[in-house]
Amino acid sequence: MDLDLGSRSPIFVRSLENIAEEEKLSDHDSSVNSPVGVDQLTVDQKSRSSSSINDDRLRVPCVPGVPSNVGSTGEPSRRLNLPLPSITVREPVKKQRVEIAVGDGETSRLQLPLISIRNALEAASEEWSKVPTVGGDTAKIQTPLISPEIDVEEAFNYFRGLNLPHDSNSNSVASARVRWKGFVQWLHTPPKLSAHLKPDCDLIYSIVQCSLDWEDNVHWRMLQTIYKQLTGSKIDCPQFGSHWQLIGFQGSDPATDLRGVGLLGLLQFLFLSTKQECAPLARKLYTVANSDNQAFPLAVLSLNVTQIALNALRSGKLNKECNNRQTVLLVVNLFYIAVLHYIITIWVAEQKTIKDSGYLLKDAEKYCCKNVRKLIQDIPEQLEKYSK
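Note that the structure is predicted; figures quoted are calculated from it, not measured. (Residues numbered from 1 in each chain as written. Predicted model: local features only at pLDDT ≥ 70, side-chain atom pairs only at ≥ 80, totals over all residues. Heavy atoms only, no water.)

## Quick notes on the overall build of the protein
Argument step 1. Within the protein one finds 15 helices and 4 strands.
Argument step 2. Within the protein, the fraction of its 388 residues that count as buried is 35%.
Argument step 3. For the protein, long-range pairs separated by at least 24 residues make up 66% of all intrachain contacts whose partners lie at least 6 apart in sequence.
Argument step 4. Accessible surface, the protein as shown: approximately 25,200 Å² in total, 53% of it carbon and sulfur. (Helix = DSSP H or I, 4+ residues; strand = E, 2+ residues; numbered from the N terminus. Buried < 20%, exposed > 50% of the residue type's maximum accessible area, 1.4 Å probe, protein only. Contact = heavy atoms within 4.5 Å. Areas by Shrake-Rupley, 256 points an atom, 1.4 Å probe, with all protein chains shown as cover.)

## Some words on the nonpolar core
Argument step 1. One finds Leu267, Leu272 and Phe335 to be the most contacted residues of the largest nonpolar core, which totals 84 residues.
Argument step 2. The dominant element in this core, judged by the number of residues it contributes, is helix H13 (residues 329-349), at 15 residues.
Argument step 3. With sequence-adjacent residues up to four places away left out, Leu272 is seen in contact with Cys278, Leu281, Ala282, Leu285, Tyr336, Ile337 and Leu340. (Core = buried A, V, L, I, M, F, W, Y, C linked by side-chain atoms within 4.5 Å.)

## Focus: helix H14 (residues 357-370)
Argument step 1. The end-to-end C-alpha distance of H14 is 20 Å, a good match for the 20 Å that 14 residues give at a rise of 1.5 Å each.
Argument step 2. Turning to H14, its buried residues number three or more, namely Leu360, Leu361, Ala364, Cys368 and Cys369. For H14, the buried positions fall inside an angular range of 145° around the axis, keeping them on one side. More than 90 degrees from the buried face of H14, the exposed residues found are Tyr359, Lys362, Lys366 and Lys370. (Expected span 1.5 Å × (residues − 1). Arc of directions from axis to C-beta.)

## Observations regarding the environment of Tyr386
Argument step 1. Its place among the elements puts Tyr386 in helix H15 (residues 372-386).
Argument step 2. Considered as a pair, Tyr386 and Pro280 are 106 residues apart in the sequence and their alpha carbons are 5.2 Å apart.
Argument step 3. Other than its neighbours up to four places away in sequence, Tyr386 contacts Pro280, Leu281, Lys284, His341, Ile344 and Thr345.
Argument step 4. Within the structure, the side chain of Tyr386 is placed 2.7 Å from the side chain of His341, a separation counted as a polar contact. (Polar contact = N/O pair within 3.5 Å; in protein donor to acceptor, adjacent residues only side chain to side chain.)

## Considerations on the packing of aromatic side chains
What characterises a pair of aromatic rings is the spacing of the ring centres plus the angle enclosed by the ring planes.
Argument step 1. Enumeration over the complete set of coordinates arrives at 8 aromatic pairs.
Argument step 2. Each ring, one from Tyr227 and one from Trp244, has its centre 5.6 Å from the other, and the planes form 70°; the classification is edge-to-face. Within this pair, whereas Tyr227 is found in helix H8 (residues 217-231), its partner Trp244 is found in the loop between H8 and helix H9 (262-274), the two being separated by 17 residues in sequence. Just as Tyr227 is buried, Trp244 falls in that class too. (Phe/Tyr/Trp six-rings, centres within 6.5 Å; stacked < 30°, edge-to-face > 60°.)

## Focus on H8
Argument step 1. The end-to-end C-alpha distance of H8 is 21 Å, a good match for the 21 Å that 15 residues give at a rise of 1.5 Å each.
Argument step 2. Across the 15 residues that make up H8, a large majority, 12, are buried.
Argument step 3. Among all positions of H8, only Val218, His219, Trp220, Arg221, Met222, Leu223, Gln224, Thr225, Ile226, Tyr227, Lys228 and Leu230 are buried.
Argument step 4. Next to the buried residues of H8 lie helix H4 (152-160), H9, helix H10 (279-289) and helix H11 (298-314).
Argument step 5. The N-cap of H8, judged by a side-chain oxygen 2.9 Å from the amide nitrogen of Val218 a few residues on, is Asp216.
Argument step 6. Downstream of H8 by a residue or two, Gly232 has a phi angle that is positive, lying close to 85°.

## Looking at the packing of H13 against H14
Argument step 1. Across the interface, H13 lies against H14 with an axial gap of 10 Å and an inter-helix angle of 130°. If you check the angle between H13 and H14, you find them oblique. For the element pair H13 and H14, the recorded crossing hand is right-handed. For the pair H13 and H14, contact is made by Phe335, Val339, Tyr342, Ile343, Ile346 and Trp347 and by Ser357, Leu360, Leu361, Asp363, Ala364, Tyr367, Cys368 and Cys369, respectively.
Argument step 2. Looking at the contact of H13 with H14, its residues break down into 12 nonpolar, 1 polar and 1 charged. (Axes fitted to C-alpha atoms, helices over the stretch in contact; angles between N-to-C directions. Parallel < 35°, antiparallel > 145°, perpendicular 65-115°, else oblique. Left-handed = near helix turned anticlockwise from the far one by under 90°. Nonpolar A, V, L, I, M, F, W, Y, C, P; charged D, E, K, R; others polar.)

## Points about the side chain of Gln294
Argument step 1. Turning to its location among the elements, Gln294 is positioned in the loop between H10 and H11.
Argument step 2. Apart from the residues lying within four places of it in its own chain, the contact partners of Gln294 are Val288, Trp347, Val348, Gln351 and Lys352.

## Some points on a nonpolar patch on the surface
Argument step 1. A surface patch of nonpolar side chains, amounting to about 300 Å² of accessible area, comprises Leu145, Ile146 and Ile235.
Argument step 2. Looking at where Ile146 falls in the secondary structure, it is placed in the loop between helix H3 (114-129) and H4. (Patch = residues over 30% accessible without salt bridge, like charges linked within 9 Å, V, L, I, M, F, W, Y side chains within 5 Å. Salt bridge = Lys/Arg side-chain N within 4 Å of Asp/Glu carboxyl O.)

What follows is the structure, given as C-alpha cells:
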C-alpha cells in the first residue's frame, strides 16, 4: 500500500502540531519550575535505542534515591532532577586600615586582613621572646649595648668609697722588721711608708681581696673598656664566651683568672689599656700575643706581673719610690709597666715561646725588684720607643 507523504491528511498534520506544541510547553514548564542550582539530566530514549547499549558514555550512573529502572524499557521518567551539593558561603574577611611610617610625617596606608595582623604580631612576639638577654641569666642588671668607658682614677676612687675588708697580710713587712738577725740585715731593710700613704696602700691590699661581680656596673665597665681598647671593638661583648681568649683570658669567664690577685689585676690591666703613654706598649703586647710563632695569653701574663708588683709592695721594695713620688697607686702601676716592658723585650729579642714563660717571669721579678728606681725613671723613655 503506497503512502503519499506529500499529501498528508489534516488530522495527521494537526496531530504532529499538537505533539510539537506539547513538547514546547513541557520544556517551558520544566525550565520555569526547576529550582535555581539544580542540574537537569535528559535521557533521550530514541538516541539510546539507536546507539549501542554498551557505550559507557551514554549510561546514566546509579544515583541514590532514584529508581533503578531509569533508562530501561517501560515508562521511565524523561528527566532526572538531581540537587547539587550544598555550598557554604563564608563572609569576606574584614580588613583594617594600617598606617606604616615611611619618612618625616609620611605614612603608608595598607588594607590588611585582621587575621594576618594577629598572626604577624603573635609571630613577632614569639621571636622576640627567644632573643637572649645580654649578660646571661645570672646578670640582674641591664647593661647597655655601648657602655661608657672608665679609667684607672675613676675605678680607684670607686673602690675608695667602698667599705672593703682589711687585708691581714699588709703588716708582713712590719713583723719582719721585728725579727732582725743582725746589723747587716738592718741596713737592707726597706724604709717605712709615709703615714699619709698608708690608707692607699691598705686600699690596694683590700682590692686584692675583691672578686669579680658581674652585677657591679664598674666591674663590667672595666672589663668592657679593656676589651674594646685592645681589640678596637665599638660595642660591648657578651658576658661569657670564647671572645675573652682573644685578649688572653684562659676560659670563657674572666672571673676564674682573677682569683689570685683579685681586682687589682683588672685595675692594672685597665691602666695598660687606657693610659695614652702606655698605648704603644699595649698594642705591641697584643700583636705579639696573637702572633703565630710567639703567641701567649696576654691577660694571664698581665696577672702574673701584677703578682710580682704586689710582692714588691708587700716586701717594702716600693716604699722609697712611693715616698719620693708621694703616691702608692702610680708607683705600683709604673713598676707593673716596667716589668711588662722587660719581659716583652726579652721575649721578642730572644724568640721566647710559652715554654720559656716560667723562667722568664722568675728572672724578671729578680731583676726588676733590684732595680726599682732605675726602671721607673727610665720607663717614659722606653715607652716612646714603641710609638716609633
